[in-house]
Amino acid sequence: MNRPSPRRPWGALLIMIAVAAAPAARPDALSVVQMLRAGGCGGILPIAPPLRHEPTLDRVAEQWADGHSLDLKSAHGLRVSGPDEALIQRLRRGSCRDVAGSDLREVGSYRRGTDTWLVLGTSSSASSPAPAAPNLPPSTTARTPPVRPPASAAPPASPGARAATPALATRALQLVNEARARGAHCGSQSFGPAPPLSLSGTLEGVAAGHASDMAVHDYFEHQDLSGQSPADRVRAAGYREKLVGENIAYGPQSVEEVVKGWLASPDHCENIMDPRFAQMGIGLAPGRVSRRGLFWVQVLAEPRA
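Position labels on residues start from 1 in each chain and follow its written sequence. Whole-chain, interface and lining totals are the exception, using all residues; otherwise, since this is a predicted model, local features are given only for residues with pLDDT of at least 70 and side-chain atom pairs are given and counted only at 80 or more. Working from all heavy atoms in the structure, the side-chain values ignore hydrogens and water.

## Focus: the pairing of strand E3 (residues 75-81)
- When a residue's accessible area, from a 1.4 Å probe over protein chains only, is under 20% of the maximum for its type it is buried; when over 50% it is exposed; and in between it is partly exposed. Numbering of helices and strands runs from the N terminus, with a helix taken as a DSSP run of H or I at least four residues long and a strand as a DSSP run of E at least two residues long. Burial of E3 is extensive: 5 of the 7 residues sit out of reach of the surface.
- In the sheet, E3 pairs with strand E5 (residues 115-121) via 7 bridges, with the strands oriented antiparallel. Considered in E5, the bridge of Leu-78 is made with Leu-118. A pair of strands is considered paired only if DSSP assigns at least 2 bridges between the two.

Here you go:
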């Protein structure tokens with residue numbers, strides 16, 4: 001693509017919020033925590049509601065970084081070290097369960113150099129006493145993610161992948177277009193009615209291919225093992241795109257369940273409701289390694305005129 005799109009969103013239910021494909025801002029620890037909660041740590045935990053940012057906990061985190069104890073009965077701390085670009089992977093692979101608890105309600109953070117101190121607590125933690133003396137809990141530094149093997153190109157759909165039967169694809173399209181016709185509240189953002197989408201065989205093949213690749217190689221991300229983004233895969237399939245979006249999910253057992261889950265997640269809902277999209281494809285594949293559930297991929301696109 002010769003010129004960058006104004007926004008190229010993709011979202012992953014059960015792992016991450018929609019991420020713009022344009023040059024991204026440096027990841028922020030609080031937004032990463034919210035993303036991981038919205039994604040259920042890649043589908044291994046239930047989706048958890050977003051945490052309220054509590055300035056009191058920011059101060060607690062700063063005092064903890066200065067060597068004071070974390071003396072809150074209803075809170076726990078997490079220290080993450082590493083460069084910005086590795087923040088998501090470090091939290092997700094090493095400490096995701098610590099930030100995705102359904103009992104948590106608040107979060108605060110403090111950053112110094114390449115270290116980030118997070119304090120997470122229930123609603124009563126903000127009114128708890130300020131941190132005092134020693135007895136510092138052990139800090140947690142997330143593990144560095146393993147290096148993935150290179151891949152030469154996005155693979156075609158394997159026999160285990162399902163480029164959605166005509167009935168399933170039609171049902172997915174019906175559910176999506178019903179939502180677009182109604183309009184929707186995607187978190188704090190309101191969307192009016194949007195034009196209906198149509199099915200694209202090319203996008204369906206791209207969706208099935210990525211679902212298969214995630215299932216076979218046991219990962220759950222928008223970027224595949226060869227480093228290709230959703231837009232890269234769409235372009236490689238010969239589709240002349242102007243805008244590309246992707247929603248992925250792991251776990252749902254029916255098309256009704258997966259579409260309902262996407263619509264309940266603000267960023268994935270925004271993808272579905274984006275009036276610029278005109279076509280979609282959907283694919284799924286059963287997991288083969290540690291994950292035995294279904295991997296789902298929805299690809300949305302606005303074709304070039």
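Now, onward.
## Regarding the state of the cysteines
- A pair of cysteine sulfur atoms is labelled a disulfide when the two atoms are within 2.5 Å. Tallied over the full model, the rule gives 1 disulfide.
- Cys-186 shares a disulfide with Cys-269; S-S distance 2.0 Å. Every disulfide takes its handedness from the sign of the S-S torsion; for Cys-186 and Cys-269 that torsion is -55°, giving left-handed. One end of the pair, Cys-186, is in strand E6 (residues 184-186); the other, Cys-269, is in helix H8 (residues 266-273), with 83 residues separating them in the sequence.
- Of the residues examined, Cys-186 reaches a relative accessible area of 1% and is grouped as buried.
- Residue Cys-269 is classed as buried on the basis of its relative accessible area, which comes to 1%.

## With respect to the sheet that holds strand E2 (residues 52-53)
- Taken in spatial order, the 4 strands of this open sheet run E2-E4-E5-E3, and their pairing is mixed. Looking at strand neighbours, the two that pair on one side only are E2 and E3, the edges of this open sheet.
- Examined bridge by bridge, strand E4 (residues 106-112) and E5 share 7 bridges and lie antiparallel to one another. Of the residues in E5, the one forming a bridge with Gly-108 is Val-119.

## Notes on the side chain of Thr-116
- Tracing the backbone through its elements, the reader meets Thr-116 in strand E5.
- Taking relative accessible area as the criterion, Thr-116 reaches 5% and is therefore assigned buried.
- It only takes one pair of heavy atoms within 4.5 Å for two residues to be counted as in contact. Look past the residues within four positions of Thr-116 in its chain and what remains in contact with it is Ala-29, Leu-78, Arg-79, Val-80, Tyr-110 and Arg-111.

## So, the confidence of the model for the protein
- pLDDT is defined as a per-residue confidence score from the predictor, taking values between 0 and 100. Averaged over all residues, the pLDDT of the protein is 76; the fraction at 70 or higher stands at 69%.
- Per-residue pLDDT, averaged within each element of the protein, yields its smallest value for strand E1 (residues 11-12) (48) and its largest for strand E8 (residues 198-199) (96).

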